[in-house]
Amino acid sequence: MYVSFHGHSVVKIKTGDFTILIDPFISGNGLTDLIAENEKPNVILLTHGHNDHVGDTVAIAKANDSLVIAPFELAEYLEWQGVRTHGMHIGGAYQFEFGKVKLTQAFHGSSYVTEKNEIIYTGMPAGILFSAEGKTIYHAGDTALFGDMKLIGERHPIDLAFLPIGDNFTMGIEDAAYAVELLNPQAVVPIHYNTFPPIKQDPNDFKELVKHSNVHIWEAGDGTEM
């Protein structure tokens, strides 16, 4: 399995014959190395409905008949747009051909703003536990710090965690570092920072606060074999 980071909260996983994209905000993302038209994922995983996470989902999914897995209300909305979906809810898990997906809680909002300036409520936000090939990846989505991160880490030993550090909309650096202590992953990658002025952060400050996990500060396109 190969896992890579592509700016903001975009993560790509390649396992077997499958390519999976998480939160594919590509168009309008000044930090990504991806071009939406070139991406051909089999699966798209979404943490919540904000535009900087749904991103290019509809266009990519329609072009490639990708399966979109998302919290139920968001999945329903995207199905109305002609996308093939699988809806889930927090605490639920499902074994797919390519791996196991489980949604965790996340403390944030979830809505999609249309081109007509309509705000569509898209259910509860979530984090994602993805397991395949004997490894577990945790993508926290957009979230505040919460105590049950300790429970997530105890029940699902995490090999690699992607945690937001941008502050303002999500955890900041200090809370994210504390989240690492609760989750106890083998390694962690900071995400959701520097894309917009309100979330400007130095990831090295985060790295200095983390004591018991390996911190990888990845530029867009960086990744690792697991």
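Our structure is the block above this text.
Here is a short report on the structure shown in this document.

Rules of the game
Residues numbered from 1 in each chain as written. Predicted model: local features only at pLDDT ≥ 70, side-chain atom pairs only at ≥ 80, totals over all residues. Heavy atoms only, no water. Phe/Tyr/Trp six-rings, centres within 6.5 Å; stacked < 30°, edge-to-face > 60°. Buried < 20%, exposed > 50% of the residue type's maximum accessible area, 1.4 Å probe, protein only. Core = buried A, V, L, I, M, F, W, Y, C linked by side-chain atoms within 4.5 Å. Helix = DSSP H or I, 4+ residues; strand = E, 2+ residues; numbered from the N terminus. Contact = heavy atoms within 4.5 Å. Arc of directions from axis to C-beta.

1. Observations concerning the packing of aromatic side chains
Each aromatic ring pair is characterised by the separation of its centres together with the angle its planes make. Under the criterion given, the structure shown has nine aromatic pairs. Look at tyrosine 94 and phenylalanine 96: their rings are 4.7 Å apart centre to centre, the planes differ by 55 degrees, and that puts the pair in the tilted class. Classification of tyrosine 94 by relative accessible area gives partly exposed; the value is 41%. For phenylalanine 96, a relative accessible area of 9% puts it in the buried group.

2. Looking at the nonpolar core
Counting 28 residues, the largest nonpolar core has Ile13, Leu45, Ile69, Phe98, Val101, Phe130 and Phe162 as its most contacted members. Here this core takes four residues from strand S11 (residues 126-132), the largest share from any one element. In this structure, isoleucine 69 is in contact with Val43, Ile44, Leu45, Leu46, His86, Met88, Phe96, Phe98 and Val101, ignoring residues within four places of it in sequence. Ranked by size, the runner-up nonpolar core spans 23 residues in total, among them Met149, Ile165, Ala179 and Leu183.

3. Points about helix H2 (residues 57-64)
Of the residues making up H2, those classed as buried are Thr57, Ile60 and Ala61. Buried positions in H2, seen along its axis, are confined to an arc of 95 degrees and lie on one side of it. Opposite the buried face of H2, at more than 90 degrees from it, the exposed residues are Ala59, Lys62 and Ala63. Just downstream of H2, aspartate 65 is the residue with a positive phi angle, here 50 degrees.

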